[in-house]
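# Chains, contacts and geometry: an overview
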2 protein chains.
Amino acid sequence: MGNEPFEHLYSREARTQQPSAIREICHLAGQPDIRSLAGGWPDPEILPNKETAEIFSELAKDDPACLLQYGTTEGLKDLKEQICSFYKDSEGLSLKCEELLIIHGAQQGMDLLSRILIEPGDIVFAGLPTYFGGTGALQSRGAEIIGVPVDENGLNVEQMEISLKELKAAKPEANIKGIYVIPNFQNPTGATLSLKRRKHLLALADEYDFLIFEDDPYGELRFEDQAIASLRKLDTKERVIHIRSLSKTFSPGVRVAWMTAEKSLIRKMVVSKQFVDSCTNSLGQHIASEFIKKGYLKKQIAKNIEFYSKKRDRVLELLDRHFPATVKYNRPSGGFFIFVHLPENISANDLLQKAKGQKVVFVSGSPFFIDHSGENTFRISYSQVSYEDMEAAVKVLGEILHKL
Amino acid sequence: MGNEPFEHLYSREARTQQPSAIREICHLAGQPDIRSLAGGWPDPEILPNKETAEIFSELAKDDPACLLQYGTTEGLKDLKEQICSFYKDSEGLSLKCEELLIIHGAQQGMDLLSRILIEPGDIVFAGLPTYFGGTGALQSRGAEIIGVPVDENGLNVEQMEISLKELKAAKPEANIKGIYVIPNFQNPTGATLSLKRRKHLLALADEYDFLIFEDDPYGELRFEDQAIASLRKLDTKERVIHIRSLSKTFSPGVRVAWMTAEKSLIRKMVVSKQFVDSCTNSLGQHIASEFIKKGYLKKQIAKNIEFYSKKRDRVLELLDRHFPATVKYNRPSGGFFIFVHLPENISANDLLQKAKGQKVVFVSGSPFFIDHSGENTFRISYSQVSYEDMEAAVKVLGEILHKL
């Protein structure tokens with residue numbers, strides 16, 4: 001490490017934090033001849049460019065200065081009102097403005113809640129596997145993560161209850177602060193938490209006095225079956241901090257997401273955000289507000305569902321055709337991801353190395369496992385890849401797998 | 001605190017962090033009949049609406065999807081190249097892309113450097129007074145701030161050397177991590193650090209092995225006299241983390257700022273930002289890049305200088321006319337702020353309470369003092385207030401002061 005002249009001045013975070021496996025592989029994926037099944041980025045084809053341009057030109061005519069000026073840390077009032085009516089319409093959930101905070105992407109939600117809740121050594125539960133952006137934010141404040149197995153019905157809450165009991169018996173002084181959960185079409189497994197388990201989780205939160213960090217970027221991208229009520233909606237004890245984003249339904253580039261929670265928690269996160277980045281970008285907030293107000297979000301969600309369900313169908317067809325029968329994967333009913341299990345003796349990292357040689361990339365599974373297991377797993381994202389590249393990439397992977 | 005049901009789960013940060021005195025007073029300032037000398041917000045009159053709308057419609061025609069898509073955590077390559085040539089032209093400073101990170105406002109720069117450098121109890125020096133957004137970010141990671149007096153030539157670096165010697169003698173194990181400095185037209189004093197002191201500070205950083213956190217949002221808004229080279233430019237040992245923003249020169253609403261530092265420090269902050277908010281908003285970055293490329297930033301800076309120097313002249317005229325002779329204030333040669341010293345026995349908070357009764361607000365001085373001194377000081381911002389409100393507000397303050 002001789003080329004890091006100020007290493008002796010680093011914090012624990014700088015010494016220990018590992019780069020995001022997704023963000024790092026996306027550098028590679030950005031190269032023009034790479035076929036990427038890696039990032040959970042929206043397909044550029046479906047981004048609502050026309051509607052956004054229309055909104056911008058209207059705003060620029062009507063009230064141009066507001067687009068370029070600072071906003072409050074809490075977020076644009078108009079946008080909050082739009083979000084409140086969106087929840088009212090879609091979930092029958094009544095929110096107050098002071099229960100909402102506008103943030104720079106869902107990732108910032110995980111950072112803010114970690115800041116106000118986590119001290120080094122505090123315990124947070126999380127899926128085994130789960131999205132490492134969420135657990136990474138918690139770990140950067142020193143949280144100790146305990147894994148909860150994930151099956152086809154999401155987090156195994158029954159197993160979690162056993163862990164809670166064991167932990168309380170072995171270490172009564174442990175500070176259990178929460179559980180990180182992606183309830184719908186989880187990243188990376190695509191699994192959705194059942195209603196029964198949602199209710200069980202809420203009961204455990206109340207019994208063991210912890211909070212639930214509900215990260216729900218994919219819930220609206222449901223291709224079939226009935227939606228299940230959000231934890232926030234089911235919650236009668238205000239124990240859920242719910243994070244939702246426009247990144248998968250409208251645009252990640254505007255960096256607009258929000259959190260909703262009990263108002264004193266929101267207030268603490270507002271104060272924290274004052275010292276984090278002062279306020280969310282006004283440009284994106286104004287555009288997002290109009291996008292919802294004009295009914296474009298609803299339409300865009302419907303378009304996305306049609307668009308991505310076709311891509312899901314196609315990638316499953318290709319996997320069925322090209323992958324050996326020993327390779328297992330789920331058939332998600334929404335979201336962006338398929339999670340692949342190779343035979344135990346095959347390493348996904350080895351597969352990735354060979355695939356890179358043929359210009360194909362994906363994200364290996366083990367970064368999603370807090371215990372670094374899952375060496376034989378990997379995640380396929382069908383969201384961004386073109387049909388042509390999807391076909392070629394799955395073929396390449398299939399050919400390598402047949403030889404392994 | 002009975003209305004904070006989850007207080008027992010809070011982190012130390014949530015328990016101790018005080019809201020930003022500026023962000024809080026801005027809620028009041030947002031009311032339509034308030035005359036505000038509080039926020040350092042740009043005047044909406046001067047925001048380049050026309051140019052931004054032009055850029056947006058061009059981008060929406062040429063490459064619409066890029067505006068709405070995710071970007072890399074490091075930031076948009078085109079924007080970085082524009083920033084590199086901007087520094088080359090304006091300062092003769094040669095930067096490489098890997099020495100730059102695009103961030104959501106300068107405040108995020110302070111958060112990121114705090115994350116990679118600060119452990120609880122680490123020492124950072126800072127002006128007495130200085131902008132509390134900077135020290136607040138450091139404190140949220142547990143930094144202990146030691147104040148350095150500020151005079152008309154900025155931070156009293158000679159005094160700082162004495163403090164350093166005393167500290168090293170009394171507490172040899174102290175981890176001195178850095179100094180937070182706003183070198184040009186400092187917030188809140190308007191003072192500029194002299195060249196001699198800049199060189200002295202760099203020598204101290206090398207001798208005592210700490211870094212310099214150079215926060216320079218106002219440097220380009222110099223109304224008269226020659227610019228002084230930035231600490232980053234004068235630095236031969238790569239000990240400066242330099243933060244600059246477009247918030248005061250172009251638009252705060254786009255939330256685009258950047259940091260430049262030695263590349264391994266930048267790399268650590270990139271990894272940290274992956275878990276903070278993934279990436280800076282693409283919309284703002286693309287617009288900012290074009291704004292610089294088209295030469296609009298240079299023109300806008302020239303316009304700003306003419307515009308704000310007139311406002312500075314006018315507010316000084318008004319202060320000279322309406323304030324009692326016992327009240328002292330500086331005559332800044334750039335930036336947005338005038339710092340007022342009342343006679344020792346007069347409290348700026350009392351003045352603020354009375355002024356609020358007449359719908360006039362400003363920011364009291366004591367939040368800028370880490371030792372909570374400065375009760376007889378306050379900050380006047382002339383940037384955002386209209387000429388009409390400026391005149392009325394200064395008159396109101398003068399009348400109250402004459403009666404105190």
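Report follows, based on the coordinates. Within every chain, residues take consecutive numbers counted from 1 along the sequence as written. Written order determines the labels here, with chains lettered from A and ligands numbered from 1. The predicted nature of this model means local features are confined to residues of pLDDT at least 70 and side-chain atom pairs, given and counted, to a pLDDT of 80 or more, with totals for whole chains, interfaces and linings taken over all residues.

### Some remarks on the overall build of chain A
We count a stretch as a helix when DSSP gives it H or I for four or more residues in a row; a strand needs E for two or more, and each element gets its number in order from the N terminus. Secondary structure summary: chain A contains 15 helices and 14 strands in total. When we talk radius of gyration, it's over C-alpha atoms, and the globule rule is simply 2.2 Å times the number of residues to the 0.38. Computed over the C-alpha atoms, the radius of gyration of chain A is 21 Å, within 12% of the 22 Å expected from 2.2 N^0.38 for a compact globule of 404 residues. In terms of principal-axis extent, the alpha carbons of chain A reach across some 60 × 60 × 55 Å. Here a residue counts as buried when 20 or more other C-beta atoms sit within 10 Å of its C-beta, as exposed when there are 12 or fewer, and as partly exposed otherwise, the C-beta atoms being derived from the backbone. Of all 404 residues assigned to chain A, the portion counted as buried reaches 56%.

### Here's the deal with the interface of chain A and chain B
Residue pairs qualify as contacts under a 7 Å threshold applied to their C-beta atoms, which are placed from the backbone. Facing 70 residues of chain A, the contacting portion of chain B comprises 70 residues. Counting only elements with at least two residues in the side of chain A that touches chain B, the list comes to α1 (12-16), α2 (21-29), α3 (49-62), α4 (64-68), α6 (106-117), α7 (132-140), α11 (263-274) and α12 (282-293) of chain A. In this classification, Asp, Glu, Lys and Arg are treated as charged, Ala, Val, Leu, Ile, Met, Phe, Trp, Tyr, Cys and Pro as nonpolar, and every other residue, Gly included, as polar. Residues of the side of chain A that touches chain B, tallied by class, amount to 30 nonpolar, 27 polar and 13 charged.

### A look at the nonpolar core
A set of buried Ala, Val, Leu, Ile, Met, Phe, Trp, Tyr and Cys residues, joined through C-beta atoms within 7 Å, is what we mean by a nonpolar core. One finds I179 of chain A together with I179 of chain B to be the most contacted residues of the largest nonpolar core, which totals 164 residues. For I179 of chain A, the residues in contact, after removing those within four places along its chain, are V124, F125, A126, L201, F210, I212 and F213 of chain A.

### Things to note about the sheet that holds strand β11 (residues 337-341) of chain B
Residues and elements named next belong to chain B. For two strands to be treated as a pair, DSSP must find at least two bridges joining them. Strand order in the open sheet formed by four strands is β10-β11-β14-β13, with antiparallel pairing between adjacent strands. Taken across any chain shown, the strands that pair with only one partner, and hence form the sheet edges, are β10 (328-329) and β13 (363-364). Of the pairings in the sheet, the one linking β13 to strand β14 (residues 377-381) comprises two bridges and is antiparallel in character. Directly across from V363, in β14, lies its bridge partner R379.

### Quick notes on the packing of helix α3 (residues 49-62) of chain B against helix α12 (residues 282-293) of chain B
Residues and elements named next belong to chain B. The axes used here are C-alpha line fits, helices contributing only the stretch in contact, and every angle between their N-to-C directions lies in the interval 0 to 180 degrees. The contact between α3 and α12 brings their axes to 10 Å, and the two run at 110°. Relative to α12, the element α3 lies roughly perpendicular. Relative to α12, α3 is oriented so that their crossing is right-handed. In contact with E51, T52, I55, F56 and L59 of α3, α12 contributes H286, I287, E290 and F291. Split by residue class, the contact of α3 with α12 holds five nonpolar, two polar and two charged. Small angles under 35 degrees read as roughly parallel and large ones over 145 as roughly antiparallel, with 65 to 115 read as roughly perpendicular and the rest as oblique. We call a crossing left-handed when the near helix sits turned anticlockwise from the far one by less than a right angle, and right-handed when that turn is clockwise.

### Concerning unusual backbone geometry
The amide bond that connects N187 of chain A to the next residue, P188 of chain A, takes the cis arrangement and shows omega of 15°. The phi angle at H372 of chain A is positive, at roughly 60°, despite the residue not being glycine. Structurally, H372 of chain A is set in the loop between β13 (363-364) and β14 (377-381). Positive phi, normally seen in glycine, also occurs at D225 of chain B, with a value near 65°.

### Brief notes about the relation of the copies chain A and chain B
The transformation that overlays chain A on chain B combines an axial shift of 0.0 Å with a rotation of 180°, and the residual RMSD is 0.0 Å. Taken together, the rotation and translation relating the two chain copies correspond to the operation of a two-fold axis. Both copies present the same face, since 100% of the interface residues in chain A are matched by interface residues at the equivalent positions in chain B. Our superposition of the copies is a least-squares fit, built on the C-alpha atoms of residues whose pLDDT is at least 70 in both.

### Quick look at the sheet that holds strand β2 (residues 100-103) of chain B
Residue and element names in this part refer to chain B. Strands sit in the order β2-β9-β8-β7-β6-β3-β4-β5 across an open sheet of eight strands; the sheet is mixed. Strands at the two margins of the open sheet, each flanked by one partner only, are β2 and β5 (154-155). Sitting on the sheet, helix α11 (residues 263-274) is in contact with β2, β8 (240-245) and β9 (257-260), with an inclination near 30° to β2.

### Comments concerning the environment of G365 of chain B
All names here are of chain B. With respect to the helices and strands, the residue G365 is situated in the loop between β13 and β14. Accessibility expressed as a C-beta count within 10 Å gives 24 for G365, which makes it buried. The sequence separation of G365 and F339 amounts to 26 residues, and the corresponding C-alpha distance is 8.1 Å.

### A few points about the packing of helix α6 (residues 106-117) of chain B against helix α7 (residues 132-140) of chain B
Residue and element names in this part refer to chain B. At their nearest, the axes of α6 and α7 sit 8 Å apart, and the two run at 30° to each other. Comparing their axes, α7 and α6 come out roughly parallel. The handedness of the crossing between α6 and α7 comes out as right-handed. Residue-level contacts link Q107, M110, D111 and S114 of α6 to G133, G134, A137, L138 and S140 of α7. Within the contact of α6 with α7, the residues separate by chemical class into three nonpolar, five polar and one charged.

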